[in-house]
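The chain contents come next:
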Amino acid sequence: MAGTEPQQRAGVGAEVDAVVVGAGPNGLTAAVTLARAGLAVHVYEAAATVGGGARTGELTLPGFHHDVCSAVHPLGAGSPAFRELRLEEHGLTWVEPPLPLAHPFPDGTAVTLARSAEETAASLAHGVLRDGAVYRRLVEPFLGRWDALAPDVLRAPLAGLPRHPWLLARFGLRAVAPAALLARLFRGERARALLAGLAAHAVAPLGSPATGGVALLFALAAHEVGWPFPRGGSQALADALAARLRALGGRIETGRPVTSLAELPPARAYLLDVMPEDLAVLAGDRLPERFAARMRRYGHGPGVFKIDYALSGPVPWTAAECARAGTVHIGPTFEEIGAALRADHRGVVPRVPFLIAAQPSLFDGTRAPTGRHVLWVYGHVPNGWRGDLTEAIERQIERFAPGFRECVLARAAAGPAEIEARDRNDPGGDIAGGRCDGLRLLLRPRPAVLPYATPDRTVYLCSSATPPGPGVHGMCGYHAARAALRRVFGGAPGE
Ligand SMILES: Cc1cc2nc3c(=O)[nH]c(=O)nc-3n(C[C@H](O)[C@H](O)[C@H](O)COP(=O)(O)OP(=O)(O)OC[C@H]3O[C@@H](n4cnc5c(N)ncnc54)[C@H](O)[C@@H]3O)c2cc1C
């Protein structure tokens, strides 16, 4: 990755070299990457605050600070782009729970994904001895190699030779497999459930290609960088990116929805942190109709139903391990999790939802009044679904934390429509920037060597609809900005 930082040659108020639409993690990272190359950058954001999917607000009661979208950041902590930006100098502090993840079972026990691969293997071996050894064999070749692996994995798959081809090939051999195939390596239900929960972050059925790779990547991230929260909430990460940009002379205008590139100041490049169908609208006749039609047809995956809780105390988990974990996956078997994901993709509400829960206030006292807590939890539902999943979500939590309902002081529920209203990049509640089944996780928004580029050399897509896809890691923005630097501004630093 580039290390140099030339002096900016055009400051605030001067002519604009590049315009970025959208101040999500990818838009902000694109803007900072361009500003670090010495360009004058102006960002336009529709919402009143920066951050997109990385924002925090008092959604329930005063003093309870909830993450509006993302909460847990394995890929943020392990992002090569974020690491290069030294966001800690701009107020970002990572809070690391003792355990990245716990996955409880109805018998009151839980498996844990720990910082140490050994401890994780021991947790799996507790169920079936052999599964601990299988897990060790799966992750061992990559331990201590995150800095080599992450830049090659978190990029467009067709974008030329990787830096560490052998390491990537080894990873790829395991990673292209569907989670359903990888799960066959394990005999015990506990290991298979852990794997399914990790793979579910791909928001694709467990038989989909590369879902095994997503599970492996999230497991490795736990061992290599942890699954931390930004102190104060996800907003702190977005604010640090914005502060970094302003320190480089970049400007951000919030409350400025953009409907057409024609309304923006003339610039040599436009980078759009938007969905492909919005790219077609914003760029208008700058794009050939065939390309625009393809962008308009870009498909969206299931939505989510999310509840933020203000609680009178910690969640009363039966399994003690859950109280030490930042994230809890709730779905006791591979089959139950798989059935929920399959149903969502068929447009049917799952009978029992698979839930991802985060409990940041256990480890960060700034998130709730003393003794009180916040809980962040969501399950997948069909795209655009209009029903209420509150009862099913609470029934599912109660299976593993009896008495949970008595702790609830207030709840803020958001179905697909509210999720979309909070962030226009989540149509129908799709939080993954487009469908992730089939090869769509890898080749998005279309198969291309440079998927960020469009037929107009000045216009780039930089949202999570491009590789490496969803998550707060800024790598889509980073790669899009470097593509623009190469193609429009005569080269990216460090190349
Ligand atoms: C409920 C939920 C839970 C999630 N949990 C996690 C998690 O725990 N960990 C994780 O890593 N990821 C998580 N994610 C996913 C993550 O938030 C996204 O993948 C990430 O934010 C994508 O970044 P982005 O910059 O591409 O887009 P976004 O973050 O969506 O930002 C896009 C920005 O562009 C703005 N914009 C769009 N169109 C226009 C326009 N025409 N004019 C002006 N502005 C515009 C939007 O207002 C928005 O601010 C979650 C998402 C949701 C919704």
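Looking up the protein chain in an unreviewed UniProt entry gives the name Pyridine nucleotide-disulfide oxidoreductase domain-containing protein 2, with the organism given as Microtetraspora malaysiensis. You can read under Subunit (unreviewed entry) in the UniProt record for the protein chain the words "Interacts with COX5B; this interaction may contribute to localize PYROXD2 to the inner face of the inner mitochondrial membrane."

## Some words on the overall build of the protein chain
On a plain count of helices and strands, the protein chain comes out with 17 helices and 16 strands. In terms of overall dimensions, the protein chain is globule-like: its C-alpha atoms have a radius of gyration of 22 Å, near the 23 Å expected for 495 residues. Dimensions of the protein chain along its principal axes, counting C-alpha atoms only, are 65 × 50 × 40 Å. Within the protein chain, the fraction of its 495 residues that count as buried is 63%. A separation threshold of at least 6 residues defines the contact pool for the protein chain, and within that pool the share at least 24 residues apart is 75%. For the protein chain, the exposed area adds up to about 18000 Å²; of that, 54% sits on carbon and sulfur atoms. Charge centroids of the protein chain, computed over 51 positive and 46 negative side chains, lie 6 Å from each other.

## Remarks on the nonpolar core
Ranked by internal contacts, the top residues of the largest apolar core, which has 73 residues, are Leu 113, Tyr 135, Trp 146, Phe 171, Leu 198, Leu 220 and Trp 227. Formed by 43 residues, the second largest nonpolar core is a distinct cluster that contains Val 32, Leu 34, Ala 37 and Leu 271.

## Remarks on the sheet that holds strand E6 (residues 99–104)
Here we have 7 strands laid out as an open sheet, ordered E7-E6-E12-E13-E14-E11-E15, and mixed in their pairing. Of all strands in the sheet, those bounded by a partner on one side alone are strand E7 (110–113) and strand E15 (408–414). Across this sheet, the average inter-strand angle for adjacent strands is 20°, counted without regard to direction. In this structure, strand E13 (residues 355–358) lies alongside strand E14 (residues 373–381), joined through 4 bridges in antiparallel fashion. Within E14, the position partnered with Leu 355 by the bridge is Gly 379.

## Section: the sheet that holds strand E2 (residues 41–44)
Taken together, 5 strands build an open sheet; the order of strands is E9-E2-E1-E10-E16 and the sheet is parallel. Two strands in the sheet have a free side with no partner beyond their single neighbour: strand E9 (251–253) and strand E16 (459–461). On average, adjacent strands in this sheet sit at an angle of 20° to one another, irrespective of strand direction. Judged from the 4 bridges that link them, strand E1 (residues 18–21) and strand E10 (residues 269–272) form a sheet pairing that is parallel. Within E10, the position partnered with Val 21 by the bridge is Leu 272.

## Examining the packing of helix H7 (residues 165–175) against helix H10 (residues 211–224)
In contact at an axis separation of 7 Å, H7 and H10 are set at 125° when each is read in the N-to-C sense. Taken together, the axis directions place H7 and H10 in an arrangement best described as oblique. Packed against H7, whose contacting residues are Phe 171, Arg 174 and Ala 175, the element H10 presents Gly 212, Gly 213, Leu 216, Leu 217 and Leu 220 at the interface. Considering only residue class, the contact of H7 with H10 consists of 5 nonpolar, 2 polar and 1 charged.

## Describing the site of the ligand
Around the ligand, the structure places 35 residues, and the nearest of them are Glu 45, Gly 53, Asp 273, Asp 423 and Gly 471. Backbone polar atom of Pro 25 to an oxygen atom of the ligand: 3.2 Å apart, as the coordinates give it. Expressed as a share of its isolated accessible area of 1000 Å², the protein-covered part of the ligand is 94%. Here the shell around the ligand is built from residues that sort into 16 nonpolar, 12 polar and 7 charged.

## Some details on the environment of Pro 350
Take Pro 350: it is sitting in the loop between helix H14 (334–346) and E13. Residue class for Pro 350 comes out buried when judged on its relative accessible area of 6%. Each C-alpha atom of the pair Pro 350 and Leu 389 lies 9.9 Å from the other, and the pair is 39 residues apart in sequence.

## Comments concerning the environment of Gly 132
Tracing the backbone shows Gly 132 in helix H5 (residues 129–139). Sequence separation of Gly 132 and Leu 261 is 129 residues, and the distance between their C-alpha atoms is 54 Å. Setting aside its immediate chain neighbours within four residues, Gly 132 contacts Ala 121, Leu 124 and Ala 125.

## Considerations on the pattern of salt bridges
In total, this model carries 21 salt bridges according to the counting rule given. Taking the shortest distance from any N to any O, the salt bridge between Glu 89 and Arg 86 comes out at 3.0 Å. On the basis of relative accessible area, Arg 86 is assigned to the partly exposed category, the value being 40%. Residues participating in the shared-partner salt-bridge network are Glu 391, Glu 394, Arg 395, Arg 405 and Arg 411.

## A few points about helix H17 (residues 475–488)
Between its terminal C-alpha atoms H17 stretches 20 Å, which fits the 20 Å expected from 14 residues at 1.5 Å a residue. The buried fraction of H17 is high, at 12 of 14 residues. By the burial criterion, the buried members of H17 are Met 475, Cys 476, Gly 477, Tyr 478, His 479, Ala 480, Ala 481, Arg 482, Ala 483, Ala 484, Leu 485 and Val 488. Buried residues along H17 sit in contact with helix H1 (25–36), helix H3 (80–84), E10 and E16.

## Section: helix H9 (residues 189–199)
When you tally the buried positions in H9, you get 10 out of 11 residues, the bulk of the element. Along H9, the residues that are buried comprise Arg 190, Ala 191, Arg 192, Ala 193, Leu 194, Leu 195, Ala 196, Gly 197, Leu 198 and Ala 199.

## Structural notes on the UniProt feature "domain: Amine oxidase" (unreviewed entry) in the protein chain
Here, UniProt's "domain: Amine oxidase" (unreviewed entry) annotation points to residues 27–263. Secondary structure across residues 27–263 comprises 42% helix and 11% strand; the distance between its end C-alpha atoms is 18 Å.

## Thoughts on the pairing of strand E11 (residues 303–311)
Across the 9 residues that make up E11, a large majority, 9, are buried. Side chains of E11 alternate between two faces, with Gly 303, Phe 305, Ile 307, Tyr 309 and Leu 311 and Val 304, Lys 306, Asp 308 and Ala 310 buried alike. Relative to E15, E11 runs antiparallel, the two being bridged by 6 bridges. In the strand pairing of E15, Tyr 309 is matched with Arg 411.

Criteria and cut-off values
- Residues numbered from 1 in each chain as written.
- Predicted model: local features only at pLDDT ≥ 70, side-chain atom pairs only at ≥ 80, totals over all residues.
- Heavy atoms only, no water.
- UniProt positions renumbered as here; feature names shortened; annotations may be inferred.
- Helix = DSSP H or I, 4+ residues; strand = E, 2+ residues; numbered from the N terminus.
- Rg over C-alpha atoms; globule rule 2.2 N^0.38 Å.
- Buried < 20%, exposed > 50% of the residue type's maximum accessible area, 1.4 Å probe, protein only.
- Contact = heavy atoms within 4.5 Å.
- Areas by Shrake-Rupley, 256 points an atom, 1.4 Å probe, with all protein chains shown as cover.
- Lys, Arg positive; Asp, Glu negative; His and termini not counted.
- Charge placed at Lys NZ, Arg CZ, Asp CG, Glu CD.
- Core = buried A, V, L, I, M, F, W, Y, C linked by side-chain atoms within 4.5 Å.
- Pairing = 2+ DSSP bridges.
- Axes fitted to C-alpha atoms, helices over the stretch in contact; angles between N-to-C directions.
- Parallel < 35°, antiparallel > 145°, perpendicular 65-115°, else oblique.
- Nonpolar A, V, L, I, M, F, W, Y, C, P; charged D, E, K, R; others polar.
- Near = heavy atom within 4 Å.
- Polar contact = N/O pair within 3.5 Å; in protein donor to acceptor, adjacent residues only side chain to side chain.
- Salt bridge = Lys/Arg side-chain N within 4 Å of Asp/Glu carboxyl O.
- Expected span 1.5 Å × (residues − 1).

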